[in-house]
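Descriptive structure summary
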Amino acid sequence: MGWFRSSEMKYMSLVVPETQIYQILSELGERGVVQFTDLNKSATAYQRTYANQVKICNEMQRIIRYFEEELHKLDVEIPRPPDTKTFVREVIESNRSSTQPPGTRLNTFVEELRAHEKDLRDISENYQKLLSVYNSKLELKFVLNEALRYSDSNADELLADAQASSQS
């Protein structure tokens, strides 16, 4: 695969202490002047250094898709996300102002998502139960109304049948 760039680029190796990697990559990403090359192409996703963070991101993506499906079921309009540059800028500013280390922020965010997912699943389950109870009560109401209407129209016959059966 070739490199197609409008300006000349140099291939460099960057060694960064792990404690500073988030801040440095954030700065490089904000400038948009760096292209990264995967030096571990032969390693599977789960053999990589940040496999746990990838798993967490996959879990968050699954939870967000679930939220999206539930919102679509309820015909709730999902607001359009901001454009990528705006989003990245907001994330960078949030990262700079945060006192938590980046790994902790990711774990905190996924725990919040999991809690909201549990709440939404509970709400959906309770909604289905309530809907089922409501429908059965509605059905019973219609049956009783029909029985009452039938009994009102045949009140004399029913009375005669009741008297005949009590005399026997």
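Residues numbered from 1 in each chain as written. Predicted model: local features only at pLDDT ≥ 70, side-chain atom pairs only at ≥ 80, totals over all residues. Heavy atoms only, no water.

Looking at the nonpolar core
By size, the foremost hydrophobic cluster in this structure holds eight residues: Ile56, Met60, Ile63, Tyr66, Phe67, Leu106, Val110 and Leu113. With five residues, helix 2 (residues 51-73) is the single largest residue contributor to this core. Not counting residues within four places of it along the chain, the set of residues in contact with Leu113 comprises Met60, Ile63, Ile64 and Phe67. (Core = buried A, V, L, I, M, F, W, Y, C linked by side-chain atoms within 4.5 Å. Buried < 20%, exposed > 50% of the residue type's maximum accessible area, 1.4 Å probe, protein only. Helix = DSSP H or I, 4+ residues; strand = E, 2+ residues; numbered from the N terminus. Contact = heavy atoms within 4.5 Å.)

So, the packing of aromatic side chains
Evaluation of the coordinates by the stated rule reveals one aromatic pair. Where Tyr66 meets Phe67, the ring centres are 6.4 Å apart and the plane angle is 50°; that geometry is what we call tilted. Residue classification places Tyr66 among the buried residues on the basis of a relative accessible area of 10%. A cation sits over an aromatic face here: Arg121 above Tyr66, 3.9 Å from the ring centre. (Phe/Tyr/Trp six-rings, centres within 6.5 Å; stacked < 30°, edge-to-face > 60°. Lys NZ or Arg CZ within 6 Å of the ring centre and 35° of its normal.)

Brief notes about the confidence of the model for the protein chain
When the pLDDT values of the protein chain are averaged, the result is 81; 85% of them are 70 or greater. Per-element averaging of pLDDT across the protein chain places helix 5 (residues 155-167) at the bottom with 64 and helix 2 at the top with 90. (pLDDT = per-residue confidence, 0-100.)

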